[in-house]
Amino acid sequence: MTAPTVKSISMIQRLVLALVAAMTAVVVLVAGGFYVFTATGLEKDFERDVEQTLAYLEGTLAPVLWNFDLDTAELAAQTILRDDLVVGITLRDDQGRSVVSLHEENKNSVLVRNRQIHFNDQPVGSLELRFSRSSLTGSLFDILWIGLSVWFLASASLAALTYIFIRKFFRGPLASFVRLASAYRESPDFLPAETTPFVEFQPIEDVVRRLADDVYKQLGELRESEAHHRSIFENSLNGIAVTGPDLEFTQVNDAWCRLIGYTKEEMVGKMGIGDVSLPDDFEESRKNIEQLARGEITEFRQEKNYRTKSGEIVSCLSFI
């Protein structure tokens, strides 16, 4: 019976990968929830800052445009452009003519807001502000980078600790089973009471012990049975010879040696049935043995004539 082919796997590798996968799932869920929560909060902060900036400029520029003080208006525009949120500002008078227009280079606006400016309930101009989300995007990128760094450090630390833990606490008990098997091989009668102090592994050790005891008992019974049959074989008054498929002698007992006249050393491995049988008898024996090998018969009896070492012909009943 051919043993099934089993692919070798590493318990340490699988456990580490499972823990890393679990850690990844936890980090993804936590980081994802934190990212959504933070992104929502940052979006609200961005909208609030936009409204506060518009309200501040509307209140600041209303008297300036009323007095048509363009220098002060431009100074206020330059000041507001220092804010990371604002990338462009355009001021128009009450006739819609542009009086101040400033924009930062290499920055794209993603949000444009317009606001009418009033002074004493009189329209004095309009304001157009262009805002950028670069700071918002940068904050979100920082959050993602921090989350990725945390995941990497946590996974690497968990994998390292798991590897160290398994090498320290698992290889010892597994090695104890190897020692137990080696002890059974060397001397099954003298074994330590326990080979592992870990209660989780003791039931496995008990199973190994029982299996080894059963095997040792069966081996003992097999040896006794073999010794019994060997005694019958050697002490039988009838001649017994054992041959292989090539009909060469592999075992013979003393009675057979006395019958044929050859010693065991002369026959075993050196002679066969054909060397001590008459030609016609040997051909019949060969046919019967072939039928026995094919399963066509289960036994046969044959009266045969054998030629002894001295040349004498002896007749006997041969059966298998």
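Values in this document were obtained by computation on a predicted structure and should not be read as measured data.

A. Up close: the pattern of salt bridges. Per the counting criterion, the structure on display carries nine salt bridges. A salt bridge links Arg 97 to Asp 93; the shortest N-O distance between them is 2.9 Å. Overall, Arg 97 belongs to the exposed group, its relative accessible area being 53%. Look at Asp 93 and you get buried, because its relative accessible area is 7%. With its nearest N and O atoms 3.3 Å apart, the salt bridge here joins Lys 264 to Asp 254.

B. Examining helix H9 (residues 279–294) more closely. The end-to-end C-alpha distance of H9, which contains 16 residues, comes to 23 Å, matching closely the 22 Å that a straight helix rising 1.5 Å per residue would cover. Inspection of H9 places Asp 281, Ser 285 and Asn 288 among the buried residues, and these make up the whole buried set. When H9 is viewed along its axis, its buried side chains cluster within an angular range of 65° and face the same direction. Along H9, exposed side chains directed more than 90 degrees from the buried face belong to Pro 279, Asp 280, Ala 293 and Arg 294. In this fold, the buried residues of H9 make contact with strand E7 (301–307). Phi for Gly 295, located one or two positions after H9, is positive at around 85°.

Here is what the cut-offs are and how they apply
- Residues numbered from 1 in each chain as written.
- Predicted model: local features only at pLDDT ≥ 70, side-chain atom pairs only at ≥ 80, totals over all residues.
- Heavy atoms only, no water.
- Salt bridge = Lys/Arg side-chain N within 4 Å of Asp/Glu carboxyl O.
- Buried < 20%, exposed > 50% of the residue type's maximum accessible area, 1.4 Å probe, protein only.
- Helix = DSSP H or I, 4+ residues; strand = E, 2+ residues; numbered from the N terminus.
- Expected span 1.5 Å × (residues − 1).
- Arc of directions from axis to C-beta.
- Contact = heavy atoms within 4.5 Å.

Geometry only, nothing functional implied.
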